[in-house]
Amino acid sequence: MPMLKQDKMTSDERWVALLNRKPVDRMAIHPMALGFSAINSGREILSVYADFTGKEPQEVTLWLNEQYGFNQLPLTGYGNYGTVEFGGEIKMPSGEWSQSVTVARLPVTTEEEAWSWKSPPDARTAGFMVPMIMELSKREAERGAPFIQFILNGPWDVACSIAGIERLSKWTVQKPDVAHHILRLATDLNKDLVQYYIDTFGAERLFPFSTHAHTSGQIIGPKTFEQFCFPYIKEEHEWMMSKGIKHILNHCCGYHALNYPMWAQIPMGDPGVISVAHDTDEDWPTPLESVCKLFPNDIIFGNVEPAMFQIGTPEQVYELCRQCIEIGKKHKPGFVLAPGCELPPKASPYNVWQMTKAVDDHGWY
Amino acid sequence: MATEERTKEILEQLHKAVVAFDEDAAVKWSKAALDEGVDPFTATMEGLTSGMIEVGDLYTRKEYFVPEILMCADALYAGLDLLKPAIEASGRKSKVAGSVVIGVVEGDIHDIGKNLVKMMFEVAGWTVHDLGKDVPLDEFIEAQVKTDSEIVAMSAMMTTSMLAMPVVVQKMRAKNPNVRIMLGGAPINPDVVEKYGADGYAKGAGTAVEEAIKMLEMLKKEELA
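Numbering of residues starts from 1 in each chain and follows the order in which that chain's sequence is written. Working convention: letters from A go to chains and numbers from 1 go to ligands, in the order in which they are written. In view of the model being predicted, local features appear only for residues whose pLDDT reaches at least 70, and side-chain atom pairs are presented and counted only at 80 or more, with totals across whole chains, interfaces and linings using the full set of residues.

K.L.:
Just to check I follow, could you spell out the sheet that holds strand 5 (residues 200–202) of chain B for this structure?
P.N.:
The strands that make up a sheet pair up through hydrogen bonds in the backbone, lying either parallel or antiparallel. Residues and elements named next belong to chain B. A strand pair is defined by DSSP finding two or more bridges across the two strands. Secondary structure elements follow DSSP: runs of H or I of four or more residues count as helices, runs of E of two or more count as strands, with numbering from the N terminus. An order of 2-1-3-4-5 is seen for the five strands of this open sheet, with the pairing classed as parallel. Each end of this open sheet is capped by a strand with a single partner; those strands are strand 2 (127–135) and strand 5. Here the average twist between neighbouring strands, direction ignored, is 20°. In terms of strand pairing, strand 1 (residues 99–105) meets strand 2 through six bridges, oriented parallel. In the sheet register, Val-105 faces strand 2, and the bridge partner there is Val-135. Here, axes are lines fitted to C-alpha atoms. For helices the fit covers the stretch in contact, and angles between N-to-C directions go from 0 to 180 degrees.

Below, the structure written as structure tokens:
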């Protein structure tokens, strides 16, 4: 449903235009809102992570889009996919200070445990995340959504959910064969998940939302990324493209300055979508501009500092949005205004509104 | 008894062992230090700790990352396991720089940064009371009172859990206004520290100890005034 007075497109129509390299009326806005969507609708954060009918995450996202003029495709899932699937435990968000699902017990803590897995479990039935996201996706299909977006944590992130970031990262140096084994399990689990989606909806309509938080340069260096992340991400992406998936959104969380040149070698679709975080330093002063140059054929997505929606003033948030819009508007394949990572669930709604206001003021084509 | 030259060699090798994250070398040269009569405190501070300080610099310069730091820490602790009992047996009390309570606030389990900061405090000679992660808010207060630590250091990576920090700051001020409070974590910056009423900001493991020392000095000045 169009929201802003000048809107000539619905949210779905805007995504169809963007991903088909057609003109759009105005810049799309993706709030990366999961917990915020729930709270915005008067619900608990838990509701978007634990409704196994898929109804809650779909409903609260569509309401959010309607209210703010956003363009978020309904999505839910866990950043620690792989933990339960391989026999570990997770903890649902509860209490005043919890934001998301967390790992309670890792499934692999020794080499022996790693090697005991010869192949990954069946993605269709292992754990409970996939059945849940599949229900949401089926609702989206029934709604007539042009694209089915589903969470697909990157191989390194899945591997971290299996063995823990500290253990896995040490193994890359001390026991690289074990690290590679876990990454193989993670990649094959992901392929199995994608195949399930292909079998259910067909490849053409799929639009995976692939997250890469633990590949951040704040955790691992470019050599580790090159040897242990890049080959598996590339393999996975090439495989998805070969199966007929046309567009992949890669959410690169954190600091990726040293990795983006490698990311530029990974096929993401025609176009793909690459998300940019806000993390910056003296060596990487203008992440958004730099990524626009590195990805001249892909849609760029980002990169307002998420914490500012919670701690900043409306004027500060508006100005950050305006700066992103100014850079993104020049990017020919297209730009989606978004926070650099998940919108804080307890962000000030008026601050969140600044994204809409900034696009309304500056984001028309 | 090691000669001056040999002592220097042993200290250099201990330093290198930590920087090269070579646990076996750290053990080997710690044993050599003990066998050849090198003062274990000197071996610790001028060998192992000195190596860890260089590791901190390498991390700041983006040459080392979390995997390397974790392995360097393993080498450090492998050496410390041998040298610490010898220090204690000698009856020599190391000059403790200060005492800190550290933890990740309730609702948050991201503790890599906290663990790195904890390690830097330890190598700098601080007494560290690590509360772990997902720490109920009142535990920070209780731990400070129990240990009489000068500093309480809190970490949060998530924007929702960072909201717990000003609550702890308020409770801590009400209980003991002289405690200095340091905050760290991805969404934290100096403006947030000021807004939350805390005293110091740890941008990273490399600067946390320096910041804590500044806070201690301010505390001492206030006590003298």
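Having put the structure on the table, let's press on.
K.L.:
Mind showing me how you'd approach helix 8 (residues 165–175) of chain B here?
P.N.:
Residues spaced three or four apart along an α-helix face the same direction, because each turn holds 3.6 residues. Residues and elements named next belong to chain B. By the burial criterion, the buried members of helix 8 are Met-165, Val-168, Val-169 and Met-172. The arc that holds the buried residues of helix 8, viewed along the axis, is 100°, so those residues lie on one side. Exposed side of helix 8, more than 90 degrees from the buried face: Gln-170 and Ala-174 are the residues found there. Note on contacts: each residue gets a C-beta atom placed from the backbone, and two residues are in contact if those atoms are within 7 Å. Buried residues belonging to helix 8 abut strand 1, helix 6 (137–147), strand 3 (151–155), helix 7 (159–162) and strand 4 (180–184). A residue is called partly exposed when the number of other C-beta atoms within 10 Å of its own lies between 12 and 20, exposed at 12 or fewer, and buried at 20 or more, with C-beta atoms placed from the backbone. Note that the arc is defined by the directions from the helix axis to the C-beta atoms.

K.L.:
I would appreciate a short explanation of the sheet that holds strand 6 (residues 249–252) of chain A in the present structure.
P.N.:
All names here are of chain A. Taking strand neighbours across the sheet as the criterion, the seven strands line up as 1-9-8-7-6-5-4 in an open arrangement whose pairing is parallel. Of all strands in the sheet, those bounded by a partner on one side alone are strand 1 (28–29) and strand 4 (151–153). Bridge analysis of strand 7 (residues 273–276) against strand 8 (residues 299–304) gives four bridges, and the strand direction is parallel. Across the sheet, the residue bridging to Ile-274 is Ile-300, located in strand 8. Sitting on the sheet, helix 12 (residues 287–294) touches strand 7 and strand 8, and the angle it makes with strand 8 is about 170°.

K.L.:
How should I be thinking about the domain arrangement of chain B in this particular structure?
P.N.:
The extent of an interface is frequently quoted as the accessible surface area lost upon association of the parts. Residue and element names in this part refer to chain B. The domain limits used here are those given by an automatic or database domain assignment. Each domain of chain B was delimited in the assignment, giving domain 1 (4–90) and domain 2 (99–224). Its C-alpha centre places domain 1 at a distance of 27 Å from the equivalent point of domain 2. At the junction of the two partners, domain 1 supplies nine residues and domain 2 supplies seven residues. If you list the elements that add at least two residues to the side of domain 1 that touches domain 2, you get helix 3 (40–60) and helix 4 (66–90). Ranked by residue count, the leading element in the side of domain 1 that touches domain 2 is helix 3, at five residues. Polar here means any residue outside two lists: the nonpolar Ala, Val, Leu, Ile, Met, Phe, Trp, Tyr, Cys and Pro, and the charged Asp, Glu, Lys and Arg; Gly therefore counts as polar. Looking at the side of domain 1 that touches domain 2 residue by residue, the classes come out as six nonpolar, three polar and no charged.

K.L.:
Looking at this structure, I do not really get the nonpolar core. What am I missing?
P.N.:
The nonpolar side chains of a soluble globular protein tend to be buried with one another. Among the nonpolar cores identified, the biggest contains 191 residues, and Ile-182 of chain A together with Val-18 and Cys-72 of chain B are the most heavily contacted of them. The leading source of residues in this core is helix 4 of chain B, at 11 residues. Of the residues that make up this core, three or more belong to each of domain 1 (4–90) and domain 2 (99–224) of chain B. For Val-18 of chain B, the contacting residues outside a window of four places in its chain are Ala-26, Leu-48, Gly-51, Met-52, Val-55, Cys-72, Ala-75 and Leu-76 of chain B. Connectivity within a nonpolar core runs through C-beta atoms within 7 Å, and the core itself is a set of buried Ala, Val, Leu, Ile, Met, Phe, Trp, Tyr and Cys residues.

K.L.:
What am I meant to see in the interface of chain B and chain A here?
P.N.:
Contacts between the two partners involve 19 residues from chain B, matched on the other side by 23 residues from chain A. Residue assignment for the side of chain B that touches chain A shows that the elements contributing at least two residues are helix 4, helix 7 and helix 9 (190–195) of chain B. The greatest single-element share of the side of chain B that touches chain A, amounting to four residues, is contributed by helix 4 of chain B. Of the residues in the side of chain B that touches chain A, the class split is 13 nonpolar, four polar and two charged.

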